[in-house]
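# Fold and contact review
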Amino acid sequence: MHWPFFSITLFIAVVLQITAGRFFPFADRLIRPDFLALLALFFAFYAPRRHAPLAAWIVGFLADLLSLGTPGAFAFSFG
């Protein structure tokens, strides 16, 4: 897998999650797109089989760092 491409797309997804995700007016701002989950799904489909779980776990770990929920929930579920 091309890890520099993964790092750049991960950075873009994190920036979109933090900034642009707030401006989509779905159901009075209760429903927002999850760009990190979409990125994990993309790499689950298109990354090599041995790299996909690690990439999804890294995306989930960053989702845990950005959320205020249960620590490890996203990393475990994405991985």
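Look above for the structure.
A brief structural summary.

The rules behind the values
Residues numbered from 1 in each chain as written. Predicted model: local features only at pLDDT ≥ 70, side-chain atom pairs only at ≥ 80, totals over all residues. Heavy atoms only, no water. Helix = DSSP H or I, 4+ residues; strand = E, 2+ residues; numbered from the N terminus. Buried < 20%, exposed > 50% of the residue type's maximum accessible area, 1.4 Å probe, protein only. Areas by Shrake-Rupley, 256 points an atom, 1.4 Å probe, with all protein chains shown as cover. Expected span 1.5 Å × (residues − 1). Arc of directions from axis to C-beta. Contact = heavy atoms within 4.5 Å. Core = buried A, V, L, I, M, F, W, Y, C linked by side-chain atoms within 4.5 Å. Axes fitted to C-alpha atoms, helices over the stretch in contact; angles between N-to-C directions. Parallel < 35°, antiparallel > 145°, perpendicular 65-115°, else oblique. Left-handed = near helix turned anticlockwise from the far one by under 90°. Nonpolar A, V, L, I, M, F, W, Y, C, P; charged D, E, K, R; others polar.

### So, the overall build of the protein chain
A tally of helices and strands in the protein chain yields four helices and zero strands. Start at the N end of the protein chain and walk to the C end: the helices and strands fall as α-α-α-α. When the 79 residues of the protein chain are sorted by exposure, 28% land in the buried category. Summing over all exposed atoms, the protein chain offers an accessible surface of approximately 5,700 Å²; the carbon and sulfur share of this is 72%.

### Focus on helix α2 (residues 35–46)
For an α-helix the count is 3.6 residues per turn, leaving residues at separations of three or four pointing the same way. Here α2 is 12 residues long and its end C-alpha atoms lie 16 Å apart, about the 16 Å a rise of 1.5 Å per residue gives. The set of residues buried in α2 consists of Phe35, Leu36, Leu39, Ala40 and Phe43. Here the buried residues of α2 occupy an arc of 140 degrees about the axis, which is enough to place them on one side. Turned more than 90 degrees away from the buried face of α2, the exposed residues are Leu38 and Phe45. Against the buried residues of α2 lie α1 (3–18), α3 (52–66) and α4 (73–78).

### Observations concerning the nonpolar core
Counting residues in each nonpolar core, the largest one holds 16 residues, and the members touching the most others are Phe6, Leu10, Leu36, Leu39, Phe43 and Val59. Every element with two or more residues in this core is listed here: α1, α2 and α3. The residues contacting phenylalanine 6, other than those within four sequence positions of it, are Met1, Phe43, Ala55, Ile58 and Val59.

### Structural notes on the packing of α1 against α3
Packing of α1 against α3 leaves a shortest axis separation of 11 Å and a crossing angle of 30 degrees. The angle between α1 and α3 falls in the class roughly parallel. For the pair α1 and α3, the sense of crossing is right-handed. Seen from α1, the contacting residues are Trp3, Phe6, Leu10, Val14, Gln17 and Ile18; seen from α3, they are Leu54, Ala55, Ile58, Val59, Leu62 and Leu66. A class-by-class count of the residues in the contact of α1 with α3 yields 11 nonpolar, one polar and no charged.

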